[in-house]
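Commentary on secondary and tertiary structure
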Amino acid sequence: MTLKITWNEASARRMERQCLAVPARGGTPIADVVGAMLGAHAQVLSAAEVSVGTRADGVTRADVRAALWEDGSLVKTYGTRGTVHLLPTAELPLWTAALTAIPSGRSPSAPAVRLTEEQADEVVAAIGDALDGARLTIDELSDAVVARTGSWAGDLVMPAFQGMWPRWRQVMHRAGQRGALCFAPDRGRKVTYTRPPHFEPLAADEGLALLVERYLRAYGPATPGRFAKWAAAPRGWATELFASLAGAGVIEEVDFEGPAWVAAGDTEFPGAPVRGVRLLPYFDAYAIAAGPREVLFPGPAYARALAGGQAGNFPVLLVDGVVAGVWHQRRRGGRTTVTVEPLEGLTAERERELAQRVERVGEILEARAELVVGRVTAGPHA
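Residues numbered from 1 in each chain as written. Predicted model: local features only at pLDDT ≥ 70, side-chain atom pairs only at ≥ 80, totals over all residues. Heavy atoms only, no water.

When helices and strands are tallied, the protein shows 15 helices and 15 strands. In summary, the protein has a C-alpha radius of gyration of 21 Å against a globular reference of 21 Å for 382 residues, a match within 12%. With respect to the principal axes defined by its C-alpha atoms, the protein has extents near 65 × 60 × 40 Å. Out of the 382 residues belonging to the protein, those deemed buried represent 52%. Pairs at least 24 residues apart make up 64% of the contacts formed inside the protein by residues separated by at least 6 positions. For the protein, the accessible surface area stands at approximately 17300 Å², while carbon and sulfur atoms represent 51% of it. (Helix = DSSP H or I, 4+ residues; strand = E, 2+ residues; numbered from the N terminus. Rg over C-alpha atoms; globule rule 2.2 N^0.38 Å. Buried < 20%, exposed > 50% of the residue type's maximum accessible area, 1.4 Å probe, protein only. Contact = heavy atoms within 4.5 Å. Areas by Shrake-Rupley, 256 points an atom, 1.4 Å probe, with all protein chains shown as cover.)

Dropping the structure here:
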């Protein structure tokens, strides 16, 4: 008989494993916390700092930056969906193997803009060579790539903001996913890039199997479709991958509002539902990966906290494990005002807990935080 899992059971286990039910104890390596999340989205570094600090007692943005820029236990690079993430440096062999094995699909660029696969490989190799032992700005890197490949790589053919980018930049994320590029500390106001420490990737099959298993332990039960959305992979390919892993005994089927999957033998779930309030920043891993999305974002939360079905564009208030509002902050000097807009009124007890969560956000960002409870909203953000 197929094991049946309820939403409360799945939600409680996910939050437990995400260190959202109980934060990791002081002294837990920050890389371990980031690894449990399967990476922290870091397009906005302050959001990644809140994501990590929310999950680890006593951790501040200075600790996250020290792990990133000083001891090197974290790396800022391109992860799932081609987006910027913090990843544990020690896990790069896994991530590189898995991410490069996921089919990328058809390029969104016009035919005249695209690189051939041979050109893309040449550009990635040039990026890795140019950044080996160096820290370069984007302009310096562009010159180095063109010098190693040819003028075709520097053709200004990619529409970008108010100008045009050179052709080679369309595979910049691929260089990160292959371990040829990562971010380095800023040089003044300019972003710089370098190459992460050299490593040997896992075999592709091993990397994919480990990634699916870890994804299911962190966010399962899940379907191939939800994994495909999280990984920006073709749905059909993901379905075949899950079938192959099931046949090999790596994953097993359960009933979670229909057929879904967990890692083989990983069938223990908490008996009590998660309680309390949490504040998750932009593109927090839990808000993006946990599903089904219509359950995580129930009722008016689906319209208020998702942008066209896209999670992450709004920092969210969780109440008892589901999205129940949004929040934002405004910082001035050493003070930050955190305005929380719940979708329903909060009890006095939950407001007191919310004040504690806001205080913690201030600690993470090394600021004095003030809570403002905004109007209860149920429609799209004005």
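Before going further, it helps to spend a moment on the side chain of T54. With respect to the helices, strands and loops of the structure, T54 is situated in helix α3 (residues 45-54). Residue class for T54 comes out buried when judged on its relative accessible area of 18%. At 2.7 Å, the side chain of T54 forms a polar contact with the backbone oxygen of V50. Discounting chain neighbours no more than four positions away, the residues touching T54 are C19, L20, P23, L279 and I364. (Polar contact = N/O pair within 3.5 Å; in protein donor to acceptor, adjacent residues only side chain to side chain.)

Attention now moves to unusual backbone geometry. Cis peptide bonds are those with omega within 30 degrees of zero, and the linkage from G220 to P221 qualifies with 0°. Along the chain, P221 falls in the loop between α9 (204-219) and α10 (224-231). Of note, C19 is a non-glycine position whose phi angle comes to about 60°, a positive value. Although it is not a glycine, F283 adopts a positive phi angle of roughly 50°. With respect to the helices and strands, the residue F283 is situated in the loop between β11 (277-280) and α12 (285-289).

What follows deals with the nonpolar core. With 102 residues, the main nonpolar core has L86, F227, W230 and F297 as its most contacted residues. In this structure, F297 is in contact with A287, Y302, A305, L306, A311, V316 and V323, ignoring residues within four places of it in sequence. In terms of nonpolar packing, the next biggest core, distinct from the first, is built from 15 residues, V340, L346, L354 and L365 among them. (Core = buried A, V, L, I, M, F, W, Y, C linked by side-chain atoms within 4.5 Å.)

Turning our eyes to something else, we now look at empty space enclosed by the protein. In this approach a probe as big as a water molecule rolls over the atoms, and the regions it shows empty are the leftover space. Following the criterion strictly, the structure yields two cavities of 30 Å³ or more and no others. What the largest cavity holds in volume is close to 70 Å³. As for the largest cavity, its lining consists of 13 residues, of which G39, R81, H85, W230 and A285 are closest to the centre. Here the residues of the lining of the largest cavity sort into seven nonpolar, four polar and two charged. Its volume calculated, the second largest cavity comes out at about 30 Å³. Taken together, T77, Y78, L87, L92, W95, T96, L99, G176 and Q177 make up the lining of the second largest cavity. (1 Å grid on protein atoms, 1.4 Å probe; cavity = no way out; pocket = protein on both sides within 12 Å on 5 of 7 lines; lining within 4 Å. Points joined across faces, edges and corners; volume = space filled by probe spheres on them. Nonpolar A, V, L, I, M, F, W, Y, C, P; charged D, E, K, R; others polar.)

Going through the model one piece at a time under the given rule, you end up with seven aromatic pairs. With a centroid separation of 5.2 Å and 75° between ring planes, the pair formed by Y215 and F227 is classed as edge-to-face. Taken as a pair, Y215 in helix α9 and F227 in helix α10 lie far apart in primary sequence, 12 residues in all. Residues Y215 and F227 agree in their burial class; the two are buried. Ring centres of F227 and W230 lie 5.9 Å apart, and the angle between their planes is 40°; this geometry places the pair in the tilted category. (Phe/Tyr/Trp six-rings, centres within 6.5 Å; stacked < 30°, edge-to-face > 60°.)

So, about the layout of surface pockets. Computed from the structure, the largest pocket encloses a volume of approximately 920 Å³. Lining the largest pocket are 33 residues, with S104, Q170, V171, H173 and R174 sitting closest to its centre. Of all the elements in the fold, those that place two or more residues in the lining of the largest pocket are α5 (92-101), α6 (117-131) and α8 (172-177). Tallied by class, residues from the lining of the largest pocket come to 14 nonpolar, 12 polar and seven charged. Here the second largest pocket is characterised by a volume of approximately 400 Å³.

Once that is clear, we can look at helix α7 (residues 138-148). Looking at α7, one finds that the buried residues are L141, S142, A144 and V145. On an axial view of α7, the arc spanned by its buried residues comes to 165°, and they lie on one face. Away from its buried face by more than 90 degrees, α7 exposes D139, D143 and A147. Against α6, β4 (136-137) and β6 (163-166) lie the buried residues of α7. (Arc of directions from axis to C-beta.)

Right, let's talk about the sheet that holds β4 for a bit. Two pairing modes exist for strands in a sheet, parallel and antiparallel, and in both the strands are linked by backbone hydrogen bonds. Strand order in the open sheet formed by three strands is β4-β8-β7, and the pairing between neighbours is antiparallel. The open sheet has two edge strands, β4 and β7 (182-187), and neither has a second partner. (Pairing = 2+ DSSP bridges.)

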